[in-house]
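Coordinate analysis (summary)
Below are the chains, spelled out letter by letter.
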Amino acid sequence: MSEKYAYILLSDEKWWLRRISRNRAGQTLQSFVRRGAVGPKEAKLVLFYIKHPRREIQGSGEFLERIVGDAEKLWAALGHETVFDSYEEYMDFMNGRTRATFIRFRNLQEFSSPIPVKVVSQIIGVNRMPRGGKFISREMANALI
């Protein structure tokens, strides 16, 4: 597979619920935060795979850009787009790391029928979702959603 159409991001349920809540409140532009320089540079979609206990893809968003840089500077510029309620919560999440990645997206869509891990595994051909996420082709994305 050479096409990098969509990227599957792994998320804790806690952050997913906050992301959905903010989306429902009208925040259409959001940033998914990663520690270090990790994530897609280019994609059309991001898919949100919610880890244990759900183990399913619960939604998608339109990928805009990936910004990597100093964690404090990124917070100052884009912290309002994240799921974190405060700078302290953000820094606790960063766990001492000084570099962060903000994966910016818009138009978060919550799926009415989440896609279970068994279906995801069959379509993308992995038994376990990689912790760093995974690129998938347009055909795989269309088969999932």
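Below or above, wherever it landed, is the structure these notes cover.

The rules behind the values
- Residues numbered from 1 in each chain as written.
- Predicted model: local features only at pLDDT ≥ 70, side-chain atom pairs only at ≥ 80, totals over all residues.
- Heavy atoms only, no water.
- Pairing = 2+ DSSP bridges.
- Helix = DSSP H or I, 4+ residues; strand = E, 2+ residues; numbered from the N terminus.
- Buried < 20%, exposed > 50% of the residue type's maximum accessible area, 1.4 Å probe, protein only.
- Contact = heavy atoms within 4.5 Å.
- Salt bridge = Lys/Arg side-chain N within 4 Å of Asp/Glu carboxyl O.
- Arc of directions from axis to C-beta.
- Polar contact = N/O pair within 3.5 Å; in protein donor to acceptor, adjacent residues only side chain to side chain.
- Axes fitted to C-alpha atoms, helices over the stretch in contact; angles between N-to-C directions.

Turning our eyes to something else, we now look at the pairing of strand S5 (residues 99–116). Relative to S5, strand S2 (residues 29–35) is paired through 7 bridges, and the arrangement is antiparallel. Bridging from a neighbouring strand, Ser31 pairs with Arg104 of S5. Relative to S5, strand S4 (residues 56–70) runs antiparallel, the two sharing 12 bridges. Following the sheet pairing, Gly69 is matched in S5 by Ala100.

A few words on the environment of Gly59. Checked against the element boundaries, Gly59 lands in strand S4. We classify Gly59 as buried; its relative accessible area is 0%. Through-space distance from the C-alpha of Gly59 to that of Phe48 is 5.4 Å; in sequence the pair is 11 residues apart. In this view, Gly59 contacts Trp16, Val46, Leu47, Phe48, Gln109, Glu110 and Phe111; residues no more than four positions away in its chain are not counted.

What follows deals with the pattern of salt bridges. Summed over all chains, the structure comprises 11 salt bridges. Ionic pairing is found between Asp85 and Arg22, a salt bridge with its closest N-O pair at 2.4 Å. Here Asp85 is found in the loop between helix H2 (71–78) and helix H3 (87–94), whereas its partner Arg22 is found in helix H1 (residues 13–24), with 63 residues between them in sequence. Salt bridges here are not isolated pairs; linked through shared partners, they connect Arg18, Arg22, Asp85 and Glu89.

This paragraph deals with H2. If you check which residues of H2 are buried, you get Ala71, Leu74, Trp75 and Leu78. Within H2, the buried residues cover an arc of 100° as seen down the axis, which keeps them to one side. In H2, the exposed residues that point more than 90 degrees away from the buried face are Lys73 and Ala76. On the buried face of H2, the contacting elements are S4, H3 and S5. Where H2 starts, the residue carrying a side-chain oxygen 3.2 Å from the main-chain nitrogen of Glu72 turns out to be Asp70.

Before going further, it helps to spend a moment on unusual backbone geometry. With an omega of 10°, the peptide bond running from His52 to Pro53 counts as cis. If you trace the backbone, Pro53 turns up in the loop between strand S3 (45–50) and S4. Despite not being glycine, Arg55 has its phi angle at roughly 55°, a positive value. Assignment of secondary structure puts Arg55 in the loop between S3 and S4.

Taken together, the 6 strands give an open sheet; going across it, the order is S2-S5-S4-S3-S1-S6, and neighbouring strands pair in mixed fashion. Of all the strands in the sheet, the pair left with one neighbour each is S2 and strand S6 (134–136). Between one strand axis and the next, the sheet turns through 40° on average, direction left out of account. Sheet contacts for H3: S2 and S5; angle to S2, the most-contacted strand, approximately 40°. Helix-sheet contacts for helix H4 (residues 117–124) involve strand S1 (6–11), S3, S4, S5 and S6, and the interaxial angle to S5 is about 110°.

The values are spatial; any link to function lies outside them.
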